[in-house]
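Structure assessment
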Amino acid sequence: MTNLELHAPSPADLEGDLASLRGDCARMAPHWAVPDRITALPVSPSLIHGVTVPPASARLLDAMSEYGD
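Turning our attention to the confidence of the model for the protein chain. Residues of the protein chain with pLDDT of at least 70 account for 71%, and the chain-wide mean is 76. At the low end of the mean pLDDT range in the protein chain sits helix α3 (residues 65-68), at 62; at the high end sits helix α1 (residues 18-28), at 87.

Listed below in structure tokens is the structure:
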């Protein structure tokens, strides 16, 4: 039987700066798989129904009218 010895990388520097964060991301990038590109097809507006917006969200959006103007 083979004894595989695995070493965990050093833990993330929780008190670090942006350079530390970028380094952590660069080390993790090879472990992330890129999904195949999925092209969304248009949906007829008649098929969209049952969408509800909570009153608090509607009030929040109503108060942000200048954002889209």
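There is a patch of nonpolar side chains on the surface, built from Val-43, Leu-47, Ile-48, Val-51 and Val-53 and spanning about 520 Å² of accessible area. Tracing the backbone through its elements, the reader meets Leu-47 in the loop between α1 and α2 (55-63).

With that settled, consider the pattern of salt bridges. Two side chains of opposite charge can pair, provided their charged atoms sit close to one another. Taken as a whole and judged by the stated rule, the model has one salt bridge. Residues Arg-27 and Asp-24 are paired through a salt bridge, measuring 2.3 Å at the closest nitrogen-oxygen approach. You can see Arg-27 and its partner Asp-24 sitting in helix α1, three residues apart, about one turn around the helix. Residue Arg-27 is classed as partly exposed on the basis of its relative accessible area, which comes to 49%.

What counts, and where the lines are drawn
Residues numbered from 1 in each chain as written. Predicted model: local features only at pLDDT ≥ 70, side-chain atom pairs only at ≥ 80, totals over all residues. Heavy atoms only, no water. pLDDT = per-residue confidence, 0-100. Helix = DSSP H or I, 4+ residues; strand = E, 2+ residues; numbered from the N terminus. Patch = residues over 30% accessible without salt bridge, like charges linked within 9 Å, V, L, I, M, F, W, Y side chains within 5 Å. Areas by Shrake-Rupley, 256 points an atom, 1.4 Å probe, with all protein chains shown as cover. Salt bridge = Lys/Arg side-chain N within 4 Å of Asp/Glu carboxyl O. Buried < 20%, exposed > 50% of the residue type's maximum accessible area, 1.4 Å probe, protein only.

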